Amino acid sequence: MNRRLSLILILLSALAATWYNVGLLKKKAEYSVPAVAKVPTMEPAPLLGSAMPAKSDLASVELWNFNPGGALPNLKELFKPFYSLSRSGHFDSLQRSDRPQEQWEFQGVLVRGATYRALFYNTAAKRLRNVGSGEKLDEQLKVVAVAAAAVTLETKGEKKPIRYKLQIFNSNRDLYAKKRKMP
């Protein structure tokens, strides 16, 4: 009997709550909705343009290399790979920006007859290259000159090629120097 009574009470409370909520919805529907305000009109934004600077030394067009109305360079020009010279340990090396794991380390100079040839080692590819003057080391690197203690490399395919000079480090020079007797 107790269960029936609790079931009846629950059903009656649910019915009363539903009836109350329906009554509230009807009262809300009776109120008049105010008219929507007029949507404001927006003026178009002014066009952006390049204004010529005032006549002064600091604001001259030539000083800032400003080309009004010029087009942006294409994406290949913006993201062109470049080389950077680094010195790790006893070796000078060149590292390409789009391949950071690879680097060409300058190991030394060989003499064949009267010509000098440079030895380069690529750490990632585990590749040793023996190049002379005028030969390519990489797709964009060309050997310009090989001397007894240095190599000059040049980037190829640019308007203004960049030159890199890599040298042999003589870190243990004292070990190979002639020993002098101390009095």
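Note that this is a predicted model, so its numbers are computed, not measured.

Rules of the game
- Residues numbered from 1 in each chain as written.
- Predicted model: local features only at pLDDT ≥ 70, side-chain atom pairs only at ≥ 80, totals over all residues.
- Heavy atoms only, no water.
- Helix = DSSP H or I, 4+ residues; strand = E, 2+ residues; numbered from the N terminus.
- Buried < 20%, exposed > 50% of the residue type's maximum accessible area, 1.4 Å probe, protein only.
- Pairing = 2+ DSSP bridges.
- Axes fitted to C-alpha atoms, helices over the stretch in contact; angles between N-to-C directions.

## Side note on unusual backbone geometry
Although it is not a glycine, Lys 126 sits at a positive phi angle of roughly 50°. Its place among the elements puts Lys 126 in the loop between strand E4 (115-122) and strand E5 (127-131). Given a relative accessible area of 65%, Lys 126 falls into the exposed group.

## Comments concerning the sheet that holds strand E3 (residues 99-112)
Taken in spatial order, the five strands line up as E1-E2-E3-E4-E5 in an open sheet, and their pairing is antiparallel. Every interior strand has two partners, whereas the edge strands, strand E1 (83-88) and E5, have only one. Put simply, the sheet's adjacent strands are angled 30° from each other on average, direction ignored. As defined by bridge partners, strand E2 (residues 91-96) adjoins E3 across four bridges and the pair is classed as antiparallel. When the sheet's bridge partners are listed, Leu 94 is paired in E3 with Trp 104.

## Section: the pairing of strand E7 (residues 150-155)
Counting buried positions along E7 yields six of six residues, so the element is predominantly enclosed. The alternating pattern of E7 places Ala 150, Thr 152 and Glu 154 on one face and Val 151, Leu 153 and Thr 155 on the opposite face, and all of these are buried. Pairing of strand E6 (residues 141-146) with E7 involves five bridges; the strand directions are antiparallel. Paired with Lys 142 across the strands is Glu 154, a residue of E7. Count of turn residues in the E6/E7 antiparallel hairpin: three residues. Where E7 and strand E8 (residues 163-167) come together, five bridges link them in antiparallel fashion. The residue of E8 that forms the bridge with Glu 154 is Arg 163.

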